Amino acid sequence: MIDDTYKYDSVTVAKYIVALANEKRYVINMTKIQKLLYIAYGTYLAITGERLTDEHPQAWPYGPVFPKTRNKLLKVNLYDINLSDDSIEEIGRNEEMKSLVDIVLSTYGDKNATTLSEWSHQLGSPWDKTVNTNDFKWGDRIPDKYISEYFNSIIEKDNDSKE
């Protein structure tokens, strides 16, 4: 069973991901940051059994979305967010978080928003399972159970390929 506790505010995590992406000179936009946040959320959930953020991802037409984060960052110039931002200082001091975001960016940071959206729509993905349930409505929460199982399988495949 997945615990309902969480580590950080979703906007703070998204800002940290953006700051690190900017430092590594990756192109970033709102769709891409939503997908990178989702990947960090799923990876953290699979590894720890806890949610990374206070906000659950929802199923939107272009894939998983964290609406509060989207709304807070929509009018912000993402390229102005950097690692010296005081609001992300706590995450920057957490080695576990730095490592998680480094892994997410080294694996997915060079992908564009369209590629990441297509990836999130794959058959059998948490988004796909959610949108294909009875009585589905856009904006429904993607169940953590789906996310955890999916990211566990990705981590297992990745570990198998390294052996």
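Higher on the page you've got the structure.
If you're wondering where the values come from, they're calculated on a predicted model, not measured in any experiment. (Residues numbered from 1 in each chain as written. Predicted model: local features only at pLDDT ≥ 70, side-chain atom pairs only at ≥ 80, totals over all residues. Heavy atoms only, no water.)

Trainee: Can you tell me about the overall build of the protein chain, naming the residues and giving the values?
Mentor: If you tally the helices and strands in the protein chain, you get 8 helices and 4 strands. At 15 Å, the protein chain has a C-alpha radius of gyration in line with the 15 Å of a compact globule built from 163 residues. Dimensions of the protein chain, computed from the C-alpha atoms along their principal axes, are close to 45 × 40 × 30 Å. In the protein chain, buried positions account for 46% of the 163 residues. In the protein chain, the share of contacts with a sequence separation of at least 24, taken over all contacts with a separation of at least 6, comes to 75%. Split by element, the accessible area of the protein chain, about 8,700 Å² in all, is 48% carbon and sulfur. Within the protein chain, the 26 negative side-chain charges are centred at a point lying 4 Å from the centre of the 20 positive side-chain charges. (Helix = DSSP H or I, 4+ residues; strand = E, 2+ residues; numbered from the N terminus. Rg over C-alpha atoms; globule rule 2.2 N^0.38 Å. Buried < 20%, exposed > 50% of the residue type's maximum accessible area, 1.4 Å probe, protein only. Contact = heavy atoms within 4.5 Å. Areas by Shrake-Rupley, 256 points an atom, 1.4 Å probe, with all protein chains shown as cover. Lys, Arg positive; Asp, Glu negative; His and termini not counted. Charge placed at Lys NZ, Arg CZ, Asp CG, Glu CD.)

Trainee: Please provide a residue-by-residue account of helix α2 (residues 30-48), values included.
Mentor: Over its 19 residues, α2 runs 27 Å from end to end, which matches the ideal 27 Å to within 8%, given 1.5 Å per residue. Of all 19 residues in α2, 16 are buried, a share of seventy percent or more. (Expected span 1.5 Å × (residues − 1).)

Trainee: Please set out the environment of Tyr44 residue by residue, giving values where relevant.
Mentor: Its place among the elements puts Tyr44 in helix α2. Owing to a relative accessible area of 5%, Tyr44 belongs among the buried residues under this scheme. Sequence-distant contacts of Tyr44, that is, excluding residues within four places in its chain, are made with Lys7, Gly49, Glu50, Arg51, Leu52, Glu96 and Leu100.

Trainee: I'd like a rundown of the nonpolar core, residues and numbers included.
Mentor: Val13, Ile17, Leu36, Leu52, Met97 and Phe151 are the most contacted members of the largest nonpolar core, which totals 45 residues. Looking at which element gives the most residues to this core, the answer is α2, with 11 residues. Leave out the neighbours within four places in its chain, and Leu52 touches Tyr6, Lys7, Tyr8, Val13, Ala40, Tyr41, Tyr44, Met97 and Leu100. (Core = buried A, V, L, I, M, F, W, Y, C linked by side-chain atoms within 4.5 Å.)

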